[in-house]
Structures are given as C-alpha cells and as structure tokens.
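Chain by chain, the residues:
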Amino acid sequence: MEHVPVLLEETIRLLAPQRGGVFVDCTVGLGGHAEALLSANADVRIVGIDRDPEALERTRVRLARFGERLQLIEGDFGDLAELLEAVGLHSIAGLLADVGVSSLQLESAGRGFSFRREGPLDMRMGRSGPTAEEIVNRYSEAALQKIFAEFGEERRARRLARAVVEERKKRKLRTTGELRELILRVKRRRPGQREGRIDPATRVFQALRIEVNRELEQLSELVDQAVRLLDQDGRLVVISYHSLEDRIVKNALRRLAVGKVDEVTGRPHAQTRLIEVLTRKPVRPGEREVSLNPRARSARLRAARRL
Ligand SMILES: C[S@@+](CC[C@H](N)C(=O)[O-])C[C@H]1O[C@@H](n2cnc3c(N)ncnc32)[C@H](O)[C@@H]1O
C-alpha cells in the first residue's frame, strides 16, 4: 500500500532541515515525511512517535536504512514532554504533527474506521481506551448527541442519538455496516446516495473517531508542549484535516505568538512571546496534489518559529 505524504514540499521547507539537529515527527505513521526529512540532510536525526504499533513496525522495516538516525517510540503525542524526557531529549530543532488517520488505518477493514468497509466498530488508533462499539452501546443519549453535534457537526445529532439508543435496546450495534445502515435509515437515504459532497455516514463516523481517540484533547496538549521544547529558531508544523482541529491549532499559535497581555495597558509583553507564526493563513494543497491524493483535500498546514 502506497502512502503519499501530504503537503510534503511545504512541510520540508518550513521545518528547514538544512539546520540539522533532532526533529520529532509525532505522527510518524508510515514514515513518508520522516523519510524526506532524513533524506534532506545527513545531520538530521528523527524521533518518530505514533500510537499505532502496526504503523511503527512497518516504518521500522521500511526506513531501516537510516539506522540510528531514526528512533521510534509508541505513545500518544499528548504526552510529548514525558515521552521525550524518557529518552533524555529536552530540546529539539523541529516538530511535525500530521494528525488524523493514516491510509493504513483507513484501509484495514478490521480496525473499523471506514463506513465503506464492513468491520468491527473499533476505531482505536492505538491499543488502549474504549472502542467505538463501547461508546455507541454505553454512552447516554445526551452524550451521543453532544458528540455527534460537536465532533461531527452533524445536523441530525438528536435524532441519530435517539435512534442509536432505541436500536441497542433490541440488539447491540457491533459493526460499521450496522451503524451505517441505521444512519441511512434515520436520514432516509439509499446506500450510495450523497449528502452534499459527503456520504451521510461521514459525520457520525468522524465524531466517534474523535471521541475514541481523544483527538482534540491530544492536539491541545501537543502545541503548548511542543513550542516549549523547541530550540531558538526551532520549527513547528501541524497539518490537520478538519476545521475543529485547525481552530485549536490556530488559537494556540495565536496565543503563544502574542504572549502575556499587560492587565493595565492591555498591551502584550514582547518578551513573553514564544513564537512567530510563519503561516498567516493555513497552507492548502493545490489542485494537482488533490487530484493525485484525494486524502489531501481537506488538509490545512500551520507553522511557527520559536523566538
Ligand atoms: C496521517 S497519519 C501520518 C502519516 C505520516 N506523516 C506519513 O507520512 O506517513 C497520522 C498518524 O498519526 C497517528 N496519531 C494520530 N493521533 C495520534 C496521537 N495523539 N498520538 C500519537 N500518534 C497519533 C496515527 O496513528 C497515524 O499513524
């Protein structure tokens, strides 16, 4: 399975590997970006983090030729500072986060990420935490409604949550197919019929995936920790795939770029600014990239430089 790294050229340019040093790729996945960084400069070392042991194993084999220049760690990037502390790293030249699911995860039916593939309702990127099946069959109607509405921006959140609760009184929802069927029924759609540009099941599946993997919490944790670990002139690049994530990154970067504001004058204290934002607007892939790699369609990249 070929994995095409998203916004590769822009990512490498903004991380500036010509400076050398230790870079952290905290979503190393199948190692596409990491490979390009390692190839850009022989003085680059990478610590690659991922919560998915299967991805790490493949990358270990695929990038074995880089030897000790690539170190792989299984863990959540929300625990970045702790994970790096454990390997004796206190400062880094750059950090990349390409958040979301990998093609490996999406395409493995057995992991339950895709409504296009029949599989168990799992959706865990790593080995721990509740599965989508546990959430769908145990959460209260109100909690499900909130998740569908907030994380999926699903307009029918209330009706869908009620339908899930009614359905599970009769039988447990266990598979992607069963959940998809229920969504289509509530929305009165036929299989294959779209809702605008997306499948009617997209939003509920996205919402469950975000809840299962605590994706937004992880991202909020990450940006603050990453910025504090960067050396002077160190770079941070974050690629995200939906507006909720992008908003978290944008707000965190803005806050760190302004620094502390004086309570009396309302003016920021220049010396408390930690970063300069390098992307006034998020960088989006061009038409050519999207046509070659449809997964890139919703990508937004933001970058910053440590002052
Ligand atoms: C889009 S893929 C990264 C692809 C990678 N840049 C490449 O070129 O192959 C995202 C990866 O991030 C991992 N991931 C997502 N959230 C994570 C988290 N909170 N902690 C650690 N890894 C995470 C996923 O398991 C997945 O392998």
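One numbering rule holds for all chains: residues counted from 1, following each sequence as written. The model is predicted, so local features are restricted to residues of pLDDT at least 70 and side-chain atom pairs to those at 80 or more, both for listing and for counting; the totals for chains, interfaces and linings are taken over all residues.

Asker: Could you clarify how one ought to interpret the site of the ligand in this entry?
Answerer: Surveying the vicinity of the ligand reveals 22 residues, the closest of which are T27, G29, G32, D52 and D98. Only DSSP runs of H or I reaching four residues or more are called helices, and only runs of E reaching two or more are called strands; each is numbered from the N terminus. Going through the elements one at a time, α2 (32-40) and β2 (44-50) are the ones with two or more residues in the shell around the ligand. Looking at the shell around the ligand, its residues break down into 7 nonpolar, 10 polar and 5 charged. For each residue, a C-beta atom is positioned from the backbone; the residue is called near a molecule or strand if that atom sits within 6 Å of it. Classes in brief: Ala, Val, Leu, Ile, Met, Phe, Trp, Tyr, Cys and Pro nonpolar; Asp, Glu, Lys and Arg charged; the others, Gly included, polar.

Asker: I'm lost on unusual backbone geometry in this one. Help?
Answerer: Excluding glycine, most residues fall at negative phi; most peptide bonds, likewise, are trans. Phi is positive for A16, which is not a glycine, with a value near 50 degrees. For A16, the position within the fold is in the loop between α1 (8-15) and β1 (21-25). Partly exposed residues are those whose C-beta has more than 12 but fewer than 20 other C-beta atoms within 10 Å; 20 or more makes a residue buried and 12 or fewer makes it exposed, with C-beta atoms placed from the backbone. Given 20 C-beta atoms within 10 Å, A16 falls into the buried group. The backbone of M123 shows a phi angle near 70 degrees, a positive value even though the residue is not glycine. By the secondary structure assignment, M123 is in the loop between α5 (103-107) and α6 (132-138). The buried category is assigned to M123, around which 26 C-beta atoms lie within 10 Å.

Asker: Please clarify how the domain arrangement of the protein chain should be interpreted in this entry.
Answerer: Accessible area lost on assembly of the parts is the figure often given for the size of an interface. The source of the domain bounds is an automatic or database domain assignment. We note that the domain assignment places domain 1 (8-104 + 215-306) and domain 2 (127-212) within the protein chain. For domain 1 versus domain 2, the distance between C-alpha centres works out to 31 Å.

Asker: What should I look at first to understand the pairing of β1 in this one?
Answerer: If a strand is regular, its side chains alternate between the two faces of the sheet. Whether two strands pair comes down to DSSP finding at least two bridges between them. Both β1 and β2 contribute to a ladder of 5 bridges, which runs parallel. Residue V24 lies in a different strand from β2, and its bridge partner there is V47. One crossover worth recording links β1 to the parallel β2 by way of α2, and it is right-handed. Direction of pairing for β1 relative to strand β4 (residues 92-98): parallel, over a ladder of 3 bridges. Across the sheet, the residue bridging to V24 is L95, located in β4. Handedness is read with the strands pointing away from the viewer; a crossover is right-handed when the path from the first strand over the helix to the second is clockwise.

Asker: What am I meant to see in helix α9 (residues 176-187) here?
Answerer: One full turn of an α-helix is made of 3.6 residues, so residues set three or four places apart face in the same direction. The length a helix should cover is 1.5 Å for every residue beyond the first. For α9, with 12 residues, the first-to-last C-alpha span of 16 Å sits near the 16 Å given by 1.5 Å per residue. Remark: residues whose backbone-derived C-beta atoms lie within 7 Å of one another are considered to be in contact. Buried residues along α9 sit against α6, α8 (157-170) and α10 (202-212). R188 lies just past α9 and shows a positive phi near 50 degrees.

Asker: What is the right way to read the packing of helix α7 (residues 141-152) against α10 from this model?
Answerer: In helix packing, the relevant descriptors are the interaxial angle and the interaxial distance, both defined with respect to the helix axes. Relative orientation of the contacting elements α7 and α10 amounts to 100 degrees, with a least axis distance of 8 Å. Viewed along their axes, α7 and α10 adopt a mutual orientation that is roughly perpendicular. Along the contact surface, α7 presents I147, F148, F151 and G152, while α10 presents R203, V204, Q206, A207, I210 and E211. Class assignment for the residues of the contact of α7 with α10 results in 6 nonpolar, 2 polar and 2 charged. Interaxial angle, 0 to 180 degrees, is taken between N-to-C directions of lines fitted to C-alpha atoms, where a helix line uses only the stretch in contact. An angle below 35 degrees is read as roughly parallel, one above 145 as roughly antiparallel, one from 65 to 115 as roughly perpendicular, and any other as oblique.

Asker: Please clarify how the packing of α7 against α8 should be interpreted in this entry.
Answerer: In contact at an axis separation of 8 Å, α7 and α8 are set at 140 degrees when each is read in the N-to-C sense. Viewed along their axes, α7 and α8 adopt a mutual orientation that is oblique. Considering the relative orientation of α7 and α8, their crossing is right-handed. For the pair α7 and α8, contact is made by E141, L144, Q145, F148 and A149 and by A157, R158, L160, A161, R162, V164 and V165, respectively. A breakdown of the residues in the contact of α7 with α8 according to their chemical character gives 8 nonpolar, 1 polar and 3 charged. Rotating anticlockwise by less than a right angle from the far helix to the near helix defines a left-handed crossing, while the corresponding clockwise rotation defines a right-handed one.

Asker: How should I be thinking about the nonpolar core in this particular structure?
Answerer: Soluble, globular proteins show a tendency: their nonpolar side chains are buried together. Counting 55 residues, the largest nonpolar core has F23, L95, A226, L236 and V237 as its most contacted members. The element that contributes the greatest number of residues to this core is helix α11 (residues 215-229), accounting for 6 residues. In contact with V237, not counting residues within four places along its chain, are T11, L14, L15, L96, L301 and A303. If you look at the next biggest cluster of nonpolar residues, it comprises 27 residues, including L121, M125, F151 and A161. What makes a nonpolar core is a set of buried Ala, Val, Leu, Ile, Met, Phe, Trp, Tyr and Cys residues, with links drawn between C-beta atoms within 7 Å.

Asker: I tried to follow α1 on my own but got confused; where do I start?
Answerer: For α1, the full list of buried residues reads E10, T11, I12, L14 and L15. Taken together, the buried residues of α1 touch β1, α2, β4, β5 (230-240) and β7 (300-306). Residue A16 follows α1 closely and has a positive phi angle near 50 degrees.

Asker: Teacher, can you tell me more about the environment of G119 here?
Answerer: Within the secondary structure, G119 is located in the loop between α5 and α6. Taking the number of C-beta atoms within 10 Å as the measure of exposure, G119 has 18 and is therefore partly exposed. Sequence separation between G119 and R300 is 181 residues, and the spatial gap between their C-alpha atoms is 30 Å. Those residues in contact with G119 that sit more than four places away from it in its chain are A109, G110, R111, G112, T175 and T176.

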